[in-house]
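So you can see what is in the structure, the chains are spelled out below.
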Amino acid sequence: MAIHPKEQRLVLKYADEPGYTPSIDSYLAHGGYDMLKKAVTMEPQAIIDEVKASTLRGRGGAGFPCGLKWSFVDRKSGKPIYLICNCDESEPGTFKDRQIVHKDPHQLIEGMMISCFANNVAKAFIYIREEMPYGAKILDEAILEAKEKGFVGDNVLGSGYSCEIVVHRGAAAYICGEETGLIESLEGKRANPRIKPPYFPAVLGLYNCPTIVNNVETLCNAVHILDMGAEGFKKIGRPNNAGTRIWCVSGGVQRPGYYEVGEMTLGELVYDICGGPLPGRSIKAIIPGGSSMKILKNGERYKGKNPDGSEYDWGLEDIPLDYDGIAAAGSMSGSGGMMVLDDTVSIPAALANLMAFYSHESCGQCTPCREGSLWLKKITSRMVHGEARPEDVDLMLDVAGQIAGRTICAFGFAVAWPVQSYIAKFEDEFREYAAHLSDPNADRQAIKELACNG
Amino acid sequence: MAEEKKENLITVNIDGQDLQVPAGTNMVEAVKMLGKEVPHYCYHPKLSIAGNCRMCLVEMGMPGKDRATGEPMLNEDGTPKIMWMPGPAIACGTNAAPGMHIKTNSPKAVESRESVTEFLLVNHPLDCPICDQAGECKLQEFSASHGRGYSRFIEEKNVKPKRTRLGPRVTLDDERCILCSRCVRFSQEIAKDDVLGFTDRGSYSTLTCFPGKELANNYSLNTVDICPVGALTSTDFRFKMRVWFLKESKSIDLESSVGCNTVVSSREGKVYRVTPRRNDEVNDTWMPDSGRELYKQIESEDRLSYSTVNGSQTSAVEAIKAAAEILKGEGVAIVGSGRNTVEEQFVLKQIADQVNAKGVYLVARYGDGDGILVSKDRNPNVRGALATGLISDLPAEQLSVLASQIDSGEVSTVLASKEDLVAAGLSEEQLKKVKLIVIDTHASATTKNADVAIAGLTQFEKSGSVINQQFRIQKFHKAVPGPVGSIDDLAALSAIQASLSGETFPSVVGTVWEKIAAEGNIFEGLSFKGIADTGVLLDGSAFSGLAFVEGKSLHFEPKLEAAAAE
Ligand SMILES: Cc1cc2nc3c(=O)[nH]c(=O)nc-3n(C[C@H](O)[C@H](O)[C@H](O)COP(=O)(O)O)c2cc1C
Ligand code: SF4
Ligand code: SF4
Ligand code: FES
C-alpha cells in the first residue's frame, strides 16, 4: 500500500517498501535485531525503566501504560513469568496487527525478545487469531529463522539468556482477545474471561503464574524505544500519547486502509489522508477505535476543559487523533479501528448489525452480558424488520444500562457503549425510525436489506 | 486454629453496621453472619468462586488514602472517608479487607439485583407449574423477592433441549439452566470427574456432557442438589412429588463408616428422596448417590412385615416372649451388627452379660473406599460396638469361630441382629443345629431357618445413633412408620433383656441413654438429646491400637487420627 506523505512510519516503516519480504534477510538488511543485541548487554530493569519513561501506552484497546503494566508483575512469587503477545485482533474494524505479522514478523519477534529479556521471561506465546492461518505460518517460519541466528531460544546472542516463543492459534472467537479469556484459551479451555480480583494476569495469569499480555503493536514499539531512547520516542505525539499509531480506517472514505501517523487531528486523517467521503456523500459519524467504542457525531461541538484549565471547542475534524484527544471527545481510541459512517448509513441498522455481532460473541458466562446482548439484538433486529415500537428506544437504553459495569469483563461495555452512544447522538433517528417503520406500509424488503444480519 | 482465626479478625462495615470477621471472609458469608442474605446463584460455600451470575452485586468502598501523603482521608466528623467504587462489586468475589464498607440494600444494589433477575427471566421458560424445583427454586424465590414483578420482554424466547439424559440418574432441562456452572465446578472439584461443560456461546450456551462421556459417577446427584433451578433433576424423583408437601427428617447415610448427614423427605409415610445435610466436619454439603437409594429397602419385595415363631406368623409380643424363653437356656452366642445403633448394641451387650454369652460377634463388611464419602468399612457403626463394649476387637468377615463353637456343641443358641449368618459363612446345617433367634428387616437364609424371627425396622423408621470413622457420634430420626407387624429393634431387645433380668428396662432411645451415660465410658455426660445435629466427637483414644481399615477421605485423615489419639 502506498505510503501517504502525511504518515509517519515507525512500526510499518519497511513493511510496504518494494522488495521487503517477511524473511529475516530483509529485516537484517534494515538493521534488524540490533536492538536485541543492545538489550542483552543492558540491565533488564534499565529496559523496563526506559519503556516506562517512554510513556508507551497499550495499543490493544485500553491504552494502559506499558511500563506500568510491566512493573506490576509479581517477581517475588518464584513462579515463571510468561509473556503473551495478543495477536487475536478481533475487534471489528481493526486490521493493523496482521500487517505487522504478515509483512514484518521479525520486528514483532525482536520486540518480544527485548520485552522478555527485560522481564526475565523464559517462555513467550503469540496467540494468533484462528482466521490468520497464513500469519501463523509466517511467524512459525520467522521464529525458526531467528532461532538459527541465535536471536530466539537457548543462550540468546551468547548472553546466557534463553527464551522460547510458541505460536498458538486461537479458538476463533472475539472473546479470545480479552486477555484473561485468552489465557484460559491458551490453557486449552473455553475462553471464559476470569474474575478480577483475583485473576490479574500480572499475578495470577497463565497457569496461575505472573503474566504480561501485550498487543502486537505495543511490543513492536519496544524496539523503537530502545532505538530512539525514551526521550526520542516521546518527541512523537503529544505528552502522554507518545509514539505513532496505526489507524485502520474503513467505511465511507475514498481511501480506506491503514495509516501510521504521529501527532495530527482526526480531520487530517479522514479528509487529508483518506480523502474524505465518497463523491456526493458526507460524513455522518465516526466510530474512532473499533466497534466497541462510542460513536462521534459529525457537526457536533466537542467542548471541555484541558487539565491545564484551558478550554477546548472542537468540531469532529479537530479532535486530536490520540488517546487523550479522543477521550476528551467522549470516546476512546481503542484498537485504532476507525469506522466512518457516511450519510447513507442508517444508525439503527448499524446498531442492529453490531448487536448481532456482540450477542453472537458474548462468551455467555455472566448474566447481564449474555442475556442483555441477545435481548438488544432481538430488539434491534425487530426494529429494522419494521416492527419498531416507540418504547423500544428507552428499553434499549435501560437494557444497556443494566449491562454496563456489571459484568466479568469489558465486553459488557462493548455491548452497552454503542447502544448508549448511538441513541445519545442519534435519538431522533431512532425515534423517527420507530415511528416511520412501524408504519404498516413500510417497505419491509428494503428494511431487511438494511439489516445486514437478516 | 480457633485462636489463629481470632488474631486475624478485621472490622468491616455492612449497611452501616460494624462487624468483625476473619480476614479473607467473602462478603456473602460476612453478611450471613449478620443474619442477612445477599441473594446468590453461582456462589456455593464449598466450590470455587465463579462470579458469573452477578446476583450478589453490592456497593463496595474502602477507606480513602491521600495520594500524596498516604494518610487516611477523613470526613468532617473525623470518621474515615469511604471511597465508593463507581460500579457494583460481586459480594461472593469480594474478600473482607480492613475498613471495607458494603451496602447490600442501597438503590444501586437493589437495582442491580432487579436487573439480573430480569435478565435471568427473559429466556427462562417459566414452566414452574410442571417443574420439580418449584418450591425450592432460588430463581423462583429471588424473582419474587428481588424482581420487578413485570416483564418488558416481547421477543421470542430461546429454545433449548428439555430432557437430556446426562447420566443414569440425572436428567437436564437446558431451558431452565441459568449457566451458573455450579454443576461443572462440582464435577471438577469434588467428584473429580470432569464430564460437564458448555457448548455454544452467549445466551445459546448449553450445558452438556463431553462427547462420549456421561455424568455417571457416584456423586452425580449432588449436581441436582446444588443446581439453583430446576435444570438438573433427579431421574428417580422427577415428577413424583411437590416439594412443599414433604416432611424433612434429619438422618445419616448408613452405607459406610463416613456417616454423611442427610435429610429424608417423606410424605404420608412414604419416603421420596434422601438428600445431603451440611456438616462441615463430615460431608460438607455432599453425599454419594448410593446412599440415596437406601430408602428403597423400605418397600422392597423381601421386607419382613411380621414376626414368626417356628415359621408361623405371630405378634411381636409373642415372638419376644418366645425369644426370651429360648435365651434362658445355656450356650448362647450373640451376633450383633455394625449396622445396629449404639443403643441396640448397648442393650445387646446387656443381654450378652445377662446370658453369660459364649461368644459375641460382629460381621465385618468391606468394600473399596472412594476417598471421598464412601469408606472401606461398609458398616456404619463398628465403633459403636467397641464403645459399648459389645466387642473388644475389630470383627472378621466370616463367623468361623462361631461355626466351630456350633460344631463342637459349645453354642446351642444364637441371637442374631441385622445379620444374615449364612452370608457370614455359617451353613444352613449349622443353623439347623441351634436354636436361632433373629431380629431383622429383610428375609434371608437366616430368617428362614429361625425359630423366632422378629420383624425390625430400617433406619428410616426408627431413631438412633451411630459412631463414624472419626469417632463422631451422630443421630438419625424416624421419618416414616414401619410396617404394621414390625417392632423397633431397640424395643424388642429391651423387652428381651427385661424378661431375662426380671427387671424393667428402658425401651426408647432417650431413656436407654440414661443407662448408657451412666456406664462411665466414653459416653459419659452425653444424652440422645445432647447429641448435636452435626454430631459430637468422642474420645476414641482407647481404641487407637486397633487397625481400622479406613483410608483418607473428605475431612478424614487416618494417620492424623492415630496421632491425635496418642
Ligand atoms: C472483548 C475484548 C476483546 C479484546 N480483543 C483484543 C484483541 O483482539 N487484541 C488485543 O490486542 N487486545 C484485545 N483486548 C484487550 C486485551 O484485553 C488487553 O487489554 C490487551 O491485549 C493488552 O495489551 P496492550 O496493553 O498492549 O494494549 C480485548 C479486550 C476485550 C474486553
Ligand atoms: S461480559 Fe460477556 S464476554 Fe465478558 S465474561 Fe461476561 S458474558 Fe463473557
Ligand atoms: S444445570 Fe443448574 S447447576 Fe448446572 S449450570 Fe445450569 S443452573 Fe447451574
Ligand atoms: S453469587 Fe456472586 S456472582 Fe454469582
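What comes next concerns the included structure. What you are looking at is a predicted structure, and each value in this text was computed from that prediction instead of being measured.

**Some remarks on the overall build of chain B**
Right, on to step 1. Looking only at helices and strands, chain B features 16 helices and 24 strands.
Right, on to step 2. In terms of principal-axis extent, the alpha carbons of chain B reach across some 95 × 55 × 40 Å.
Right, on to step 3. Expressed as a percentage of its 566 residues, the buried residues of chain B come to 55%.
Right, on to step 4. For chain B, long-range pairs separated by at least 24 residues make up 66% of all intrachain contacts whose partners lie at least 6 apart in sequence.

**Some thoughts on the packing of helix α9 (residues 342-354) of chain B against helix α14 (residues 489-501) of chain B**
All names here are of chain B.
Right, on to step 1. Put simply, α9 and α14 touch, their axes get as near as 9 Å, and they point 20° apart. In terms of their interaxial angle, α9 and α14 are classed as roughly parallel. Relative to α14, the crossing made by α9 is left-handed. For the pair α9 and α14, contact is made by E343, E344, V347, L348, Q350, I351 and Q354 and by D489, L490, L493, S494, I496, Q497, L500 and S501, respectively.

**Some words on empty space enclosed by the protein**
Right, on to step 1. Scanning all chains against the criterion turns up five cavities of 30 Å³ or more.
Right, on to step 2. A volume near 140 Å³ is recorded for the largest cavity.
Right, on to step 3. Sorting the residues of the lining of the largest cavity by element identifies α14 (367-387) of chain A together with α3 (107-122) of chain B as the ones contributing at least two each.

**Thoughts on the interface of chain A and chain B**
Right, on to step 1. The partner chain B presents 37 residues to the 33 residues of chain A that form the contact.
Right, on to step 2. Between chain A and chain B, the buried area comes to about 2,700 Å², and carbon and sulfur atoms account for 52% of it.
Right, on to step 3. The largest per-residue losses of area from chain A upon contact with chain B belong to W375, Q402 and R406 of chain A, which jointly make up 25% of the total buried on that side.
Right, on to step 4. Our count for the contact surface shared by chain A and chain B stands at four salt bridges.
Right, on to step 5. Linking E155 of chain B and R382 of chain A is a salt bridge whose minimum nitrogen-to-oxygen distance equals 2.8 Å.
Right, on to step 6. At the boundary of chain A with chain B, the tally comes to 23 residue pairs in polar contact (both at pLDDT 80 or more).
Right, on to step 7. Elements represented by at least two residues in the side of chain A that touches chain B include exactly α13 (347-361), α14 and α15 (392-403) of chain A.
Right, on to step 8. A total of 10 residues in the side of chain A that touches chain B trace back to one element, the largest contributor, which is α14 of chain A.
Right, on to step 9. Residue composition of the side of chain A that touches chain B, by class: 14 nonpolar, 10 polar and nine charged.

**A look at unusual backbone geometry**
Right, on to step 1. The linkage connecting K196 of chain A with the following residue, P197 of chain A, adopts the cis geometry, with an omega of 0°.
Right, on to step 2. One can find P197 of chain A in the loop between α8 (179-186) and α9 (201-204).
Right, on to step 3. Cis rather than trans, the peptide bond between P197 of chain A and P198 of chain A has omega equal to 0°.
Right, on to step 4. Structurally, P198 of chain A can be placed in the loop between α8 and α9.
Right, on to step 5. Look at Y207 of chain A: it is not a glycine, yet its phi comes out positive at around 50°.
Right, on to step 6. Take Y207 of chain A: it is sitting in the loop between α9 and β4 (211-215).
Right, on to step 7. The class for Y207 of chain A is partly exposed, based on a relative accessible area of 46%.
Right, on to step 8. The backbone phi angle of L179 of chain B is positive, close to 60°, even though this residue is not glycine.

**Section: the side chain of D132 of chain B**
Residue and element names in this part refer to chain B.
Right, on to step 1. Along the polypeptide, D132 turns up in the loop between α3 and α4 (138-146).
Right, on to step 2. Comment: no salt bridge for buried D132; closest opposite-charge side chain is R238, at 5.2 Å.
Right, on to step 3. Within polar-contact distance, the side chain of D132 engages the backbone nitrogen of F239 at 2.9 Å.
Right, on to step 4. Those residues within four positions of D132 in sequence are excluded, and the remaining contacts are T233, F237, R238, F239, K240, R242 and V243.

**A short note on the site of ligand 3**
Right, on to step 1. Near ligand 3 lie 14 residues; those nearest to it are C177, C180, S181, C183 and C227 of chain B.
Right, on to step 2. Here the shell around ligand 3 is composed, by residue class, of 12 nonpolar, one polar and one charged.

**Things to note about the sheet that holds strand β21 (residues 452-455) of chain B**
Residue and element names in this part refer to chain B.
Right, on to step 1. Spatially, β16-β15-β21-β20-β19-β17-β18 is the arrangement adopted by the seven strands of the open sheet, whose pairing is mixed. Each edge of the open sheet carries a strand with a single partner, namely β16 (312-314) and β18 (359-361). Here the average twist between neighbouring strands, direction ignored, is 20°.
Right, on to step 2. Alignment of strand β15 (residues 307-309) against β16, held across three bridges, turns out to be antiparallel. Along β16, the bridge assignment pairs S307 with T314.

**Section: the nonpolar core**
Residues and elements named next belong to chain A.
Right, on to step 1. Membership of the largest hydrophobic core comes to 78 residues, with the highest contact counts inside it found for I84, M396 and F430.
Right, on to step 2. At 10 residues, the largest contribution of residues to this core is made by helix α16 (residues 411-437).
Right, on to step 3. If you look at the next biggest cluster of nonpolar residues, it comprises 64 residues, including Y33, I114, C220 and A242.

**What about helix α10 (residues 216-234) of chain A?**
Residues and elements named next belong to chain A.
Right, on to step 1. The end-to-end C-alpha distance of α10 is 20 Å, clearly below the 27 Å that 19 residues give at a rise of 1.5 Å each.
Right, on to step 2. The axis of α10 is deflected most strongly, by about 100°, at M228.
Right, on to step 3. Across the 19 residues of α10, 15 count as buried, placing the element largely inside the fold.
Right, on to step 4. Among the residues of α10, the N-terminal cap falls to N215, whose side-chain oxygen and the backbone nitrogen of E217 are separated by 2.8 Å.

Basis of the calculations
Residues numbered from 1 in each chain as written. Chains lettered and ligands numbered in written order. Predicted model: local features only at pLDDT ≥ 70, side-chain atom pairs only at ≥ 80, totals over all residues. Heavy atoms only, no water. Helix = DSSP H or I, 4+ residues; strand = E, 2+ residues; numbered from the N terminus. Buried < 20%, exposed > 50% of the residue type's maximum accessible area, 1.4 Å probe, protein only. Contact = heavy atoms within 4.5 Å. Axes fitted to C-alpha atoms, helices over the stretch in contact; angles between N-to-C directions. Parallel < 35°, antiparallel > 145°, perpendicular 65-115°, else oblique. Left-handed = near helix turned anticlockwise from the far one by under 90°. 1 Å grid on protein atoms, 1.4 Å probe; cavity = no way out; pocket = protein on both sides within 12 Å on 5 of 7 lines; lining within 4 Å. Points joined across faces, edges and corners; volume = space filled by probe spheres on them. Buried area = accessible area lost by both parts, 1.4 Å probe. Salt bridge = Lys/Arg side-chain N within 4 Å of Asp/Glu carboxyl O. Polar contact = N/O pair within 3.5 Å; in protein donor to acceptor, adjacent residues only side chain to side chain. Nonpolar A, V, L, I, M, F, W, Y, C, P; charged D, E, K, R; others polar. Lys, Arg positive; Asp, Glu negative; His and termini not counted. Near = heavy atom within 4 Å. Pairing = 2+ DSSP bridges. Core = buried A, V, L, I, M, F, W, Y, C linked by side-chain atoms within 4.5 Å. Expected span 1.5 Å × (residues − 1). Bend = angle between axes of the 7 residues up to and from the residue.

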